[in-house]
Each structure stands twice: as C-alpha cells, then as structure tokens.
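# A structural walkthrough
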Amino acid sequence: MFMGKIEKPIIDYDKIASQESFKKLSKKKNSFLWTMTVIFLALYMLLPILTSYTTILDQKAFGDITWVWIYSAGLFLMTWGLAHFYVAKANKFDKEAKAIIDEYEGGR
C-alpha cells in the first residue's frame, strides 16, 4: 500500500490569465452571457408590464385564447431554446478552454 505524498502539478493561474487566448475567450464568453441574460430578463419582465399597464395581451387570438397565453407559451419555448443554445455554446467554450490549457502546458 502506497503511503507517500502525491505531487500535484503547480499551475500558474496568473500566467494563464495573461495569455491573449484566455483574454479573448473570457471577453467572448462574458459578452455572450450578458447578451443572453439581457434578452431573457427583458422578455420575461415584459409580460407583467404588458399585462399590468396595457390591454394589448387581453385581445383574443384564437377562440377564447388570448394573446397572454400565447406570449406565456412563447416564454416557455424561449427558455428551452435558450437552454439548448447555451449548452451548444458552452461546449464550444469548453473546447477553447482546453486549447488554452494545452497552450499553457506546451509553453511551461
């Protein structure tokens, strides 16, 4: 049974953070996340605003179904769509992050 100490590689996080490729990825990721957040919150906050201060969504769309139901269903679909879009983008970001780690490990 091995009882010795296992050496962990020392990672210079400051060096990784100073890499131009890391800065580009960080900027791209932050831009994507802020854009997604603003779109998501704006569309969600629009529902209570439209229902509280206007009557635009009170109009009938199909039979007895009003536009508020269609808007609400659209929000549900939007949430699923944004989640799938986020996962696809996150997978691309993960590949770029792996390349940055490989770049760091190759330049040590």
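The text that follows walks through the structure, step by step, so that each part is easy to find. Bear in mind that the values here come from a model prediction, so they are computed numbers and not experimental data.

Let's shift gears to the overall build of the chain. Along the backbone of the chain there are three helices and two strands. Written out in order from the N terminus, the α and β elements of the chain read α-α-β-β-α. For 108 residues, the compact-globule estimate of 2.2 N^0.38 gives 13 Å, and the C-alpha radius of gyration of the chain, at 23 Å, exceeds that figure by more than 25%. When each of the 108 residues of the chain is scored for burial, the buried share is 16%. A separation of at least 24 residues holds for 67% of the contacts in the chain among residues at least 6 apart in sequence. About 8900 Å² of surface is accessible on the chain, with carbon and sulfur atoms providing 68% of the total.

What follows covers the packing of aromatic side chains. On inspection of all chains with the given rule, the structure shows six aromatic pairs. Centroid distance F32 to Y86: 6.3 Å. Interplanar angle 15°. Geometry classified as stacked. Linking F32 in helix α2 (residues 20-53) with Y86 in helix α3 (residues 67-106), this pair joins segments that are 54 residues apart in sequence. With relative accessibility at 10%, the residue F32 sits in the buried group. Judged by its relative accessible area of 38%, Y86 falls in the partly exposed class. With 5.8 Å between their ring centres and 65° between their planes, F32 and F93 make a pair best called edge-to-face. Placement of F32 in helix α2 and of F93 in helix α3 is noted, with a sequence separation of 61 residues between them. Taking NZ or CZ as reference, K89 lies 5.5 Å from the ring centre of F32, over its face.

Let us look at α3. If you check α3, its first and last C-alpha atoms are 57 Å apart, about what 40 residues at 1.5 Å a residue would give, namely 58 Å. Listed in full, the buried residues belonging to α3 are Y71, L75, M78, L82, A90, F93, I100 and Y104. Contact partners of the buried residues in α3: α1 (13-18) and α2.

Let us look at the environment of E96. In this fold, E96 is placed in helix α3. We classify E96 as partly exposed; its relative accessible area is 28%. Through-space distance from the C-alpha of E96 to that of F22 is 8.7 Å; in sequence the pair is 74 residues apart. Setting aside residues no more than four positions away along its own chain, E96 makes contact with L25 and K28.

Attention now moves to a nonpolar patch on the surface. A cluster of nonpolar side chains, I39, F40, L41, L43, Y44, M45, L46, I49 and Y53, forms an exposed patch at the surface whose accessible area comes to about 830 Å². Topologically, L46 is positioned in helix α2.

Moving on, we come to the packing of α2 against α3. Packing of α2 against α3 brings their axes to within 11 Å, and their N-to-C directions diverge by 170°. In terms of orientation, α2 lies roughly antiparallel with respect to α3. In the contact of α2 with α3, the residues fall into 20 nonpolar, four polar and five charged.

Reading the values: rules and limits
- Residues numbered from 1 in each chain as written.
- Predicted model: local features only at pLDDT ≥ 70, side-chain atom pairs only at ≥ 80, totals over all residues.
- Heavy atoms only, no water.
- Helix = DSSP H or I, 4+ residues; strand = E, 2+ residues; numbered from the N terminus.
- Rg over C-alpha atoms; globule rule 2.2 N^0.38 Å.
- Buried < 20%, exposed > 50% of the residue type's maximum accessible area, 1.4 Å probe, protein only.
- Contact = heavy atoms within 4.5 Å.
- Areas by Shrake-Rupley, 256 points an atom, 1.4 Å probe, with all protein chains shown as cover.
- Phe/Tyr/Trp six-rings, centres within 6.5 Å; stacked < 30°, edge-to-face > 60°.
- Lys NZ or Arg CZ within 6 Å of the ring centre and 35° of its normal.
- Expected span 1.5 Å × (residues − 1).
- Patch = residues over 30% accessible without salt bridge, like charges linked within 9 Å, V, L, I, M, F, W, Y side chains within 5 Å.
- Salt bridge = Lys/Arg side-chain N within 4 Å of Asp/Glu carboxyl O.
- Axes fitted to C-alpha atoms, helices over the stretch in contact; angles between N-to-C directions.
- Parallel < 35°, antiparallel > 145°, perpendicular 65-115°, else oblique.
- Nonpolar A, V, L, I, M, F, W, Y, C, P; charged D, E, K, R; others polar.

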